[in-house]
Each structure stands twice: as C-alpha cells, then as structure tokens.
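Residues per chain are reported as follows:
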Amino acid sequence: MGSAHSVPAEMRELADRTGFTSEQIEHLHRRFKQLSRDQLTIRKENFDSIPDLEFNPIRGKIVHAFFDKRNLRQESDGLVDEINFEDFLTIMSYFRPIEMNMDEEQLDRFRKEKLKFLFHMYDSDHDGKITLQEYRNVVEELLSGNPHLEKDSARSIADGAMLEAASICVGQMGPDQVYEGITFEDFLKMWQGIDIETKMHVRFLNMETIAHCY
C-alpha cells in the first residue's frame, strides 16, 4: 500500500475515507492481492476465482458495479477497465455494516449511499432512471437463485413487484406528467421501511467470499 514510512498516514486517510478500521483495510488488502494475483490492479476476469459469485443470480451486475465510475465517485460516466486497491476499498465501503455510534444524520447518509449503489445496479443504461422492465428483470434474476421457487412463481412475484413500483411512482404524477422511469427519489420511497443497512452486507473479510446483496 506504499512505503513503510507512508503506510500509517495512508492507512489513516483510507480509514477516514471508507470507514474501515486499519485491521479491516489490512485484511482487505490481503484479499485484493489474492484476487489480483499480486498485481496492482484487478480486472473483471479476476472475479472468476470467487466461488460464491459463480452461482449468484446477479453475478454480472455485482462485478459490473466494481467498475462503474458512478460507484467509484468519479465525475465521468461509464466503466473502467481495471481498479486499484483504493477503488476496491471504495466499492467495499458500500457494504459496511452500520456502526452503533452513528447519529441520525450519519445513518440517513449511510442508507442513501447504499441505495444509490443499488440503484446503479438496476440502472443498466446509466440514464439516471430505471424502467419498470429493468426493475422487474432484476427482481426475477434475484428470485431465480431460490431453489424453492418455480420459474412461474418467480415471474409472478417479479410482475407484482413491477406493478407495486408503478403504483408508487406513477401514482405521484400529475395528470400532465409523462412517466419516464423510476428516479432515485422514487427508489428511496420504494425502499422506505426496508432494512437495507443489514440486507446489503459483506462477508468478504473471511477471505473466502465477496459482497452479497440480497
């Protein structure tokens, strides 16, 4: 992560920026080196070595999210070809669990950051809106990983989720407004009351797996 003399200052800066402890950063750095095979950057193909991602129904979206410039807090749009360790930490910070000492304002910001990350996963064409069909497709993809659900049941639940989203979003529109898709503000309303803080978590620190979002 740098020369021996610069590590403490660099570690503090990374901890302040991401919210991870120095121990977690060191652990994630070992995991990063394992994934990158001791290279300075990670590419999409490096994620092929994560067993738990192999059968994840939204594997492609999770991997895609690591290279999305919006999630890397870059001003430009699009994807990067590779990420360094600081980029990796930035993405992993979206999956941090809540801290007991967070005040109400910090919790609200923390929740919005997680939901923004999730919104970007749905917004596949990067236009700042999610069509009802995009939303339906991701719900169905998530359900497809459930061995106890038949395909028809998964489709029915996905259809119901799409209709519920439509009632929330379209129901707030005036008679002269044209529906263009689910905005981030709509998305916040759709997730109101859902415990995203614990639903979107990470088991990456055990050195065996990576971010889980369900």
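Predicted model, so just to flag it, every value in this text is computed and none were measured.

Caption draft 1: Structural context of the nonpolar core. One finds Phe66, Phe88, Tyr135 and Phe187 to be the most contacted residues of the largest nonpolar core, which totals 52 residues. Among the secondary structure elements, those contributing two or more residues to this core are helix H1 (7–18), helix H2 (22–36), helix H4 (59–66), helix H5 (85–93), helix H6 (104–122), helix H7 (132–143), helix H8 (151–170) and helix H9 (184–190). Excluding its chain neighbours within four sequence positions, the residues that come into contact with Tyr135 are Tyr122, Ile130, Ala161, Met162, Ala165, Ile182 and Met190.

Caption draft 2: A look at the pattern of salt bridges. Evaluation of the coordinates by the stated rule reveals twelve salt bridges. Taking the shortest distance from any N to any O, the salt bridge between Arg43 and Glu45 comes out at 3.5 Å. Three or more residues joined by partner-sharing salt bridges are found here, namely Arg136, Glu140, Asp152, Arg155 and Asp159.

Caption draft 3: Seen up close, H6. Between its terminal C-alpha atoms H6 stretches 27 Å, which fits the 27 Å expected from 19 residues at 1.5 Å a residue. The complete set of buried residues in H6 reads Phe110, Arg111, Lys114, Leu115, Phe117, Leu118, Phe119, His120, Met121 and Tyr122. Where H6 begins, one side-chain oxygen reaches toward the backbone nitrogen of Glu105, 3.2 Å away; that side chain belongs to Asp103.

Caption draft 4: The packing of aromatic side chains, seen in detail. Tallied over the full model, the rule gives twelve aromatic pairs. An angle of 75° between the planes, with centres 5.6 Å apart, marks the rings of Phe119 and Phe184 as edge-to-face. You can see Phe119 sitting in helix H6 and its partner Phe184 sitting in helix H9, a full 65 residues away along the chain. Each member of the pair, Phe119 together with Phe184, is buried. Connected via pairs of aromatic rings, a cluster forms that spans Phe32, Phe47, Phe66, Phe67, Phe85 and Phe88. Positioned above the aromatic ring of Phe184, the side-chain terminus of Lys116 is 4.0 Å from the ring centre.

Caption draft 5: Local environment of unusual backbone geometry. Although it is not a glycine, Arg37 adopts a positive phi angle of roughly 60°. Mapped onto the secondary structure, Arg37 falls in the loop between H2 and strand E1 (42–43). According to the relative accessible area criterion, Arg37 is exposed, its value standing at 57%. Residue Arg73 is not a glycine yet carries a positive backbone phi of 60°. Secondary-structure assignment places Arg73 in the loop between H4 and strand E2 (82–83).

Caption draft 6: Region of interest: the confidence of the model for the chain. On average, residues of the chain score 80 in pLDDT, and 81% of them are at 70 or above. Of all secondary-structure elements in the chain, the lowest mean pLDDT belongs to strand E4 (residues 211–213), at 45, while E2 reaches the highest, 97. This stretch, residues 204–214, has a pLDDT under 50; its non-local contacts, to residues over four places away or in other chains, come to 43 contacts.

Caption draft 7: Highlighting the environment of Glu86. Positionally, Glu86 belongs in helix H5. Each C-alpha atom of the pair Glu86 and His29 lies 9.5 Å from the other, and the pair is 57 residues apart in sequence. Leaving out residues up to four positions away in the same chain, Glu86 has contacts with Glu10, Leu14 and Arg17. Side chain to side chain, Glu86 and Arg17 meet in a polar contact 3.0 Å long.

What counts and how
- Residues numbered from 1 in each chain as written.
- Predicted model: local features only at pLDDT ≥ 70, side-chain atom pairs only at ≥ 80, totals over all residues.
- Heavy atoms only, no water.
- Core = buried A, V, L, I, M, F, W, Y, C linked by side-chain atoms within 4.5 Å.
- Buried < 20%, exposed > 50% of the residue type's maximum accessible area, 1.4 Å probe, protein only.
- Helix = DSSP H or I, 4+ residues; strand = E, 2+ residues; numbered from the N terminus.
- Contact = heavy atoms within 4.5 Å.
- Salt bridge = Lys/Arg side-chain N within 4 Å of Asp/Glu carboxyl O.
- Expected span 1.5 Å × (residues − 1).
- Polar contact = N/O pair within 3.5 Å; in protein donor to acceptor, adjacent residues only side chain to side chain.
- Phe/Tyr/Trp six-rings, centres within 6.5 Å; stacked < 30°, edge-to-face > 60°.
- Lys NZ or Arg CZ within 6 Å of the ring centre and 35° of its normal.
- pLDDT = per-residue confidence, 0-100.

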